[in-house]
Amino acid sequence: MLLSEQQHVLAYNGELLIFQLSKAKRKEGAADKTVKLCIRRMAYDRDTQLFVQKSSGAFNVPAKHSETEIVCCDCTTHSKTGIVLPCVLMKVKRRNSVVEHLLLLLHSSNWFEQCCCFKLDYELKEDIRLFAGPSVLWRHANKLFYISSDTCTVLSAPVQLSSIVWAGEIEGEGTVVLGIRAACLPESEDGDEFATSDRAIWGSEFFGYAIERQKMLTDTCFMPHAYSRVVSSVCVFKNERLKKQLRVSAVAITHKNQLIWFQDCVPKGVCELPYEKPCLIKTAVTSGNDLLFIVSFSSGNICVVRRENLQVVSKWETVKSVLVDDFIGSGTEQLLLLFNDDSNTDVLNTFKITDFGKINYESGIHYKDDVPAAEGLQENGLFTIQALETRLQAGLTSVRELQQHLGLKKRVILGSCKALVDLVEGRSHILPSAKKEGLVSLWDDAEKPYSVSKEPSLTPKLQDHFVEKLWQRVVGDSLVVGVKLTKSFCLSVGDISLSLVMDQDFSLISPIIECRNKIIKVNEVSSALFAFSCQIEPPQKKMKLDLHSKKDLKEEFHNRCSRTQLDKTNTVTAVTSLSPLLAFHRVCCAVLLHAKKQRHRNGDLLKSKRITFLCGKILLSLEDISNRKYSVNMLKDNSYCAASMEDIVAILAVSIRFTFQIVSSDCTLTRVNSWLLGEMDCLPFKECHDMVFSHKAGNIYGTVFSWTLKSPFEGVLTLFCRSLTVLFQCLHSLIRVLPPSCDVKLLKSGSKSALTEQLVLALEKEMFTSRSFLSSKEGQQEMK
């Protein structure tokens, strides 16, 4: 079969390599034929403004009864020498449908080295890449295959994929393939539940696979999985490891004719492309350290986007090829554009070299280097002024773009807040057009847009099952909103928090109110005060106890204190600053509760699902605050402090908590009791007996204490105070009362201490059970 001539162009070390196939006969009339792979090295001559041939070479390919083609060519690293060399992949199709592939390296002497030869029963057509080795990878039947010149064995990666969007070197991982595949969902994300991850929503995901190490990169994120539906090609232009964490900068082109820049898996900017069907992207670093993104389109068009502002700086049509290298020897990269010319078969007949700065050369134009000195100085001055004007204009453009970006961010946040409120309240919400805002559309044009109104409402009557009460209080300059939850709900969820969203339609400010959350567990009791009912001896009496008397005292303490029955309630609170809200005179806020619903299967805890529902709404006005409608009241009622449970929780929510362990080695700790009731002027809450409220005048007023005796010689004192100054005043007063031998230690707040105590109690119970069992067995043996 007659072969038509092919040409492939490759840039290498400032030279232009033209690979061309041509047929040749060994002998006149002979049946045996060979195909020559010819190479011409071309270099740009600045004197003639033309590309001139420096050298040439050829490689003979036996092609009896076969078709020969150049599949692709690229520059790769030779694994034996570490030198980057031009690499060519050729295919020879035999009559028996066997396709033979040759992997060739071109050395500086124009000698071709055959590194690898492998045979397949199909042709390579999809996502072919050349990388270090040299090696080849490709996609066939939704599988990833690769072969290295070191092994010459075709290997398959254990992954199904729909496309390869990038392949290259990643620091610490070697050659990495970035592809797209169907989403691999865990068993917890089934179809009956609401899917919350990008993978579950869009049905596809990105994945990284390290070729040399033959493993999936599970801890590396290149870009969000939601973009896997629209991205067609990716270029990772920067990757580095900082503190063992891989930092990746990448740029992607999409089917929506957009270019998106990602930094550490976060989209940082988007650019609308001037043509349709972008297919390839590469980078160039020109003079002035400008990073350019060169985008090629299926129609043969080219556009260049500047990384600094993500703006299209130039575009061309009917481009045959675009290459990046230092063609004129200036020390920086330039773009070489080769244009289609039907009137001439020479690939270098029409070209352009540019770096979008001082370097601009076109074929057919003669550039004079010899100019008079005065004219040259005047021209240099003009260039300087033009450069300064350009930089000033670029600065102004950057400021305008930053303003537009901030405005866009604000509109997106406001729209998201409105969508969230509409969702939890069961109202329909119309999704805005992404293209109108210059954003990336993640929906296919053929699909019907996602409608919030069609999803089952999360709101109906949930608050009747999960929320016992919604309340609000004003404490100083803080607004406290509390939600009392049912016991059944608290047992089935975790990671609970509240959000306050203003119900008014504000166009200039965010409706989300910044607040801090606390979950407060309070013991409601009807018996006598827990901590203070367990007095062992008067504070004046000191006695040294031997081992037996100390043991008896501990047993008496536990027996007397265990009669008190506690009923623990859970309230989640949100605390926010009151002053900004008063500027609106009257504000209505929706209270949203967020939680992770714990799911179990066969006794095992599965991945939790995030839920959100509306607890209700609160109304706040300046008139109500002036009338002290939501103020807390801490009044003395005989020997108690009369306050509602909501007032107690509000005080605890705005206070800072500190917990201290007090241990005495030679006397009991009844002095703490006397100090609280006496010097601190504390009274126990009527609704919550294990906490006392200080009515002492001055800064200490309003401080809440909780004193718990673990034994007569050890106790835990918890303070809820407004500031560190109040804490130091309380500690200074306490230290003067305690004997010098007492040890006061600050405990870390949190659930760890509670878990430790539970573990100790469980071990102690298990120890007593084992001891009882052994004693009974020993008694039975003695009876026998």
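Since the structure is predicted, the reported quantities are computational estimates derived from the model, not experimental observations.

Caption draft 1: Expanded view of the pairing of strand β15 (residues 204-210). In terms of burial, β15 is largely enclosed, as seven of its seven residues are buried. The two faces of β15 match: S204, F206, G208 and A210 on one face and E205, F207 and Y209 on the other face are all buried. Pairing of strand β14 (residues 174-182) with β15, which is carried by seven bridges, proceeds in the antiparallel orientation. Note that in β15 the partner of I180 across the bridge is F206. Bridge count for β15 against strand β16 (residues 215-216) is two bridges, and the pairing is antiparallel.

Caption draft 2: Quick peek at unusual backbone geometry. Geometrically, the link from G133 to P134 is a cis peptide bond, its omega value of 0° lying close to zero. Tracing the sequence through the fold places P134 in the loop between β9 (126-131) and β10 (135-140). Located in the positive-phi region is N13, a residue other than glycine, with phi close to 55°. By secondary structure assignment, the location of N13 is in the loop between β1 (6-12) and β2 (15-25). Taking relative accessible area as the criterion, N13 reaches 62% and is therefore assigned exposed. With phi around 55°, Q49 is a residue other than glycine that occupies positive phi space. Note on placement: Q49 falls in the loop between β3 (33-45) and β4 (50-62). On the basis of relative accessible area, Q49 is assigned to the buried category, the value being 4%.

Caption draft 3: Just helix α10 (residues 724-737), in detail. Over its 14 residues, α10 extends 20 Å from the first C-alpha to the last, a length consistent with the 20 Å expected when each residue adds 1.5 Å. Within α10, the full set of buried residues consists of V726, L727, C730, L731, S733 and L734. Down the axis, α10 shows its buried residues gathered within 165° of arc, on one side only. Away from its buried face by more than 90 degrees, α10 exposes F728, H732, I735 and R736. Looking at the packing, one finds that the buried side of α10 touches β41 (656-663), α9 (670-677), β44 (704-711) and β45 (714-721).

Cut-offs and rules
Residues numbered from 1 in each chain as written. Predicted model: local features only at pLDDT ≥ 70, side-chain atom pairs only at ≥ 80, totals over all residues. Heavy atoms only, no water. Buried < 20%, exposed > 50% of the residue type's maximum accessible area, 1.4 Å probe, protein only. Helix = DSSP H or I, 4+ residues; strand = E, 2+ residues; numbered from the N terminus. Pairing = 2+ DSSP bridges. Expected span 1.5 Å × (residues − 1). Arc of directions from axis to C-beta. Contact = heavy atoms within 4.5 Å.

Purely geometric stuff here, so don't read any function into it on its own.
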